[in-house]
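Structure assessment
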2 protein chains.
Amino acid sequence: MSRKIPDLYPVILAGGGGTRLWPLSRKKRPKQALALFNERTLFQNTLARLWGLVPPENVLVVTVEEQAPLLREQAPGLPAENVLAEPLPRGTAAAAGLAWLALQERGIHDATLVILPSDHYMANPTLFQNLMQAAYQVARQGFVVTLGITPNYPATGYGYIQMGELLGTFEGMPAYRVVRFKEKPDLETAKAMLARGDHVWNAGIFAWTAAVFWEEVRQHLPPLARALQTALEKGLTTREPRALRPLWESLPEETIDYGIMEKTRRAAVLPAPRELGWSDVGSWDAILDLLAREPNQAVVVGSTDQIVLDSQNLLVYLDDRPRVVAAIDADDLILVVTDDALLVCRRGKSQRVREVVRILKRQGKPWV
Amino acid sequence: MSRKIPDLYPVILAGGGGTRLWPLSRKKRPKQALALFNERTLFQNTLARLWGLVPPENVLVVTVEEQAPLLREQAPGLPAENVLAEPLPRGTAAAAGLAWLALQERGIHDATLVILPSDHYMANPTLFQNLMQAAYQVARQGFVVTLGITPNYPATGYGYIQMGELLGTFEGMPAYRVVRFKEKPDLETAKAMLARGDHVWNAGIFAWTAAVFWEEVRQHLPPLARALQTALEKGLTTREPRALRPLWESLPEETIDYGIMEKTRRAAVLPAPRELGWSDVGSWDAILDLLAREPNQAVVVGSTDQIVLDSQNLLVYLDDRPRVVAAIDADDLILVVTDDALLVCRRGKSQRVREVVRILKRQGKPWV
């Protein structure tokens, strides 16, 4: 499965701030720049997952201006100009548009793009490459492809995709027409969808040819189409993001999900088997799940030694200095210590970390 | 009530290691040397509680050799020779004997001694001095006096004292003959004792005249009597604890509670009103209770800032560096961070800290 695809162009979206992993993630140290699971950052793992699938010069990264230097540093194998700085943050649709523009200005017209978040986790990179091969083939047939994640619990934190008619089998994997996209459901609805078995999670991974993308943008996102058209006509390039800023200023904030996927008539979904081991690493709870090798385990990261008495489903994450960690009857807890902050949070409640960050921001405090 | 008592000699027992407040307390930083509630250490607060009650030169401190320099430093108002180093640790009975010996060698025979732990907390120092005045008077009548703490819950972690016949009222406070001492009870027994209303906690605070002490020791602790007698005969003094070591070697380990109080026929108890606000600061749970100004409060010590969401009965104690502390739905927890250790413990379970220290010791680890 190590066939390279010379005309596949991965577009890694790496502009996120990531307040959900506070206090580890900060404005200046976003989630994708964290090394949570090995010596590589989430962004570097995303790059590594593409090794052998495409030539390195095909990989594009879209980020905000402030993060571009850090990401270039973390990706020495990429040409520096492949790390694109957004003129202004205008959502994932505009970010994908910027990548499309970069290909146009390089004279690459017959390309297939795959949009990838920079901060997800996948346990099985080989299976990921198989899925990319399949997504490429579905996209070449003119579909707007989305990767679906086979759910293993009735999550209320993800959007769902309902699968319809079988389109065919690609690289041994079935692809379906999309019936509809559904926003984050309540628990009852999520349970019902899981029971039906024809729904998958929307992971924010999309594939399309440059031509199909352009058609979709012209049809569903006219302001973005106009901005891209004007840039091409005026010879403005992605190498000078500030020159593009006046065009971007008029763009409404728009995501790929709402702006394109929910409107297109040619959406296809490629359900990823559970063996992909996907996680969006979207909270400290997700990190505990990923780090625990056994059910109910206490996970201690960064300690010199640990004494765990009667404590289950506990995450202690030391980021400032190694310490001996002692836990006594401390079930269902998340505990993160950094140089300047300490978080203690009930397991299952770590999405509320955003509230903490919101309060700190509102108060003008420095720890965000 | 600020009458000074010129012949009252407080003996502060300050030799304890204090593993129960690990990781803050260590072998080299025992509990009494910790500044938990204000800028003074528990030992210094114990000294301060005696200001105005006795002349400073009356105050004796008994400790182990390694701690003597630290305690002398913390008590600049005391003559250095009043900090007595035990020849060997042989329990509180031998420590009291050492203080008695110090008075003998100074030619002070008509003394009343009051034995005080160095690491307790009292909210009301004025009431404490009243109690000391009363204890002095009861002791002068020939009794072996113990201070009882009026219980406010059915504690299973303290010994109890059953009060009998009223002996009289001293400084407005009643004193009773002791019916019996009872070891730490189970919960049912504790509840029954609380319901009867004639039981108080044993706080390890005792008073007696030097003469009564000597009689009791001769009667109930012959080995200690022999050691003290020999020291006097040979002219060995408390200034040279190593010279006393051969005498101490033969002593069995013995507490005042078991060695004297449970055997004497002239035990009296002076019940302290609840307003004394006594605590033995015997665990992190006790510290949370003492620091919380309102019921169910979250207490954060050492933070730069704190954001507490839906967290009750939480103690976060930062000893290494100030941090912002965020708590989310973290009820009933104790969390202590030092330079080299982190403790996370369910509230109500902090007595198990001793298990942690035991394990660390057994493994030969440095953090004890």
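So, the environment of L270 of chain A
Residues and elements named next belong to chain A. Here L270 is to be found in strand β10 (residues 267–272). In this structure the C-alpha to C-alpha distance between L270 and M163, which are 107 residues apart in sequence, comes to 9.0 Å. Here L270 is in contact with L131, A134, A135, V138, V145, L147, G148, M173 and A175, once residues within four sequence places are set aside.

Things to note about the relation of the copies chain A and chain B
By a simple turn and slide, chain A fits onto chain B: the slide is 0.0 Å along the axis, the RMSD is 0.0 Å, and the turn is 180°. Such a turn and shift between the copies fits a two-fold axis. The residues that chain A uses at the interface reappear at the interface of chain B in 100% of cases, marking a shared surface.

Some words on the domain arrangement of chain A
Residue and element names in this part refer to chain A. Considered domain by domain, chain A is made up of domain 1 (8–279) and domain 2 (284–362). Each of domain 1 and domain 2 has a C-alpha centre, and these two points are 30 Å apart. Facing ten residues of domain 1, the contacting portion of domain 2 comprises 13 residues. Split into classes, the residues belonging to the side of domain 1 that touches domain 2 amount to seven nonpolar, two polar and one charged.

A closer look at the interface of chain A and chain B
Contacts between the two partners involve 31 residues from chain A and, on the opposite side, 31 residues from chain B. Looking at the side of chain A that touches chain B, the elements that each hand over two or more residues are β13 (303–309), β15 (323–328), β16 (333–337), β17 (341–346) and α11 (353–362) of chain A. Partitioned by chemical class, the residues of the side of chain A that touches chain B number 22 nonpolar, no polar and nine charged. Direction of pairing for β15 of chain A relative to strand β17 (residues 341–346) of chain B: parallel, over a ladder of five bridges. Paired with A327 of chain A across the two strands is V344 of chain B, which belongs to β17 of chain B.

Some thoughts on unusual backbone geometry
Going from W22 of chain A to P23 of chain A, the amide bond is cis rather than trans, its omega being 5°. With respect to the helices and strands, the residue P23 of chain A is situated in the loop between β1 (8–13) and α1 (42–48).

A short note on the sheet that holds β16 of chain A
The strand order across the open sheet built from six strands is β12(A)-β14(A)-β16(A)-β17(A)-β15(B)-β13(B), with neighbouring strands paired in mixed fashion. Every interior strand has two partners, whereas the edge strands, β12 (298–301) of chain A together with β13 (303–309) of chain B, have only one. Across the sheet, the mean angle from the axis of one strand to that of its neighbour is 5°, orientation sign disregarded. Examined bridge by bridge, β16 of chain A and β17 of chain A share five bridges and lie antiparallel to one another. In the strand pairing of β17 of chain A, L335 of chain A is matched with V344 of chain A. Sheet strands touched by helix α10 (residues 284–291) of chain A: β12, β14 (314–318), β16 and β17 of chain A. Its angle to β14 of chain A, the strand with the most contacts, is close to 100°.

Examining the packing of helix α7 (residues 222–234) of chain A against helix α8 (residues 241–249) of chain A
Residues and elements named next belong to chain A. Close contact between α7 and α8 brings their axes to 9 Å; oriented N to C, the two are set at 150°. Here α8 runs roughly antiparallel to α7, going by the angle between their axes. Two packed elements cross with a definite hand, and for α7 against α8 that hand is right-handed. Contacts from A227, T230 and A231 of α7 reach α8 at L244, L247 and W248. Classifying every residue of the contact of α7 with α8 gives five nonpolar, one polar and no charged.

What to know about the pairing of strand β6 (residues 144–149) of chain A
Residues and elements named next belong to chain A. Of all six residues making up β6, six are buried, and the element is well covered by its neighbours. Side chains V144, T146 and G148 of β6 all project onto a buried face; the interleaved residues V145, L147 and I149 project onto the opposite face, where all are buried too. Summarising the sheet, β6 and strand β9 (residues 199–209) pair through four bridges and their orientation is antiparallel. Along β9, the bridge assignment pairs V145 with A207.

Some points on the nonpolar core
Of all hydrophobic cores here, the largest spans 254 residues; its most connected members are V11 and A135 of chain A together with V11, A99 and A135 of chain B. Among all residues touching A135 of chain A, those that are not within four sequence positions of it are V114, V145, L147, A207 and L270 of chain A.

Section: the pairing of β1 of chain A
Residues and elements named next belong to chain A. In terms of burial, β1 is largely enclosed, as six of its six residues are buried. Here β1 shows no split at all, with L8, P10 and I12 on one side and Y9, V11 and L13 on the other all buried. As paired elements, β1 and strand β4 (residues 112–117) share six bridges and run parallel to each other. Paired with Y9 across the bridge in β4 is L113. Taken together, the three bridges between β1 and strand β2 (residues 60–63) define a ladder with parallel strand orientation. Bridged to V11 within β2 is L60. Chirality of the crossover, the property in question, places the unit of β1, α1 and β2 among those that are right-handed.

The rules behind these values
- Residues numbered from 1 in each chain as written.
- Chains lettered and ligands numbered in written order.
- Predicted model: local features only at pLDDT ≥ 70, side-chain atom pairs only at ≥ 80, totals over all residues.
- Helix = DSSP H or I, 4+ residues; strand = E, 2+ residues; numbered from the N terminus.
- Contact = placed C-beta atoms within 7 Å.
- Least-squares fit on C-alpha atoms with pLDDT ≥ 70 in both.
- Domains from an automatic or database assignment.
- Nonpolar A, V, L, I, M, F, W, Y, C, P; charged D, E, K, R; others polar.
- Pairing = 2+ DSSP bridges.
- Axes fitted to C-alpha atoms, helices over the stretch in contact; angles between N-to-C directions.
- Parallel < 35°, antiparallel > 145°, perpendicular 65-115°, else oblique.
- Left-handed = near helix turned anticlockwise from the far one by under 90°.
- Buried ≥ 20, exposed ≤ 12 C-beta atoms within 10 Å, placed from the backbone.
- Core = buried A, V, L, I, M, F, W, Y, C linked by C-beta atoms within 7 Å.
- Right-handed = clockwise from strand over helix to strand, strands pointing away.

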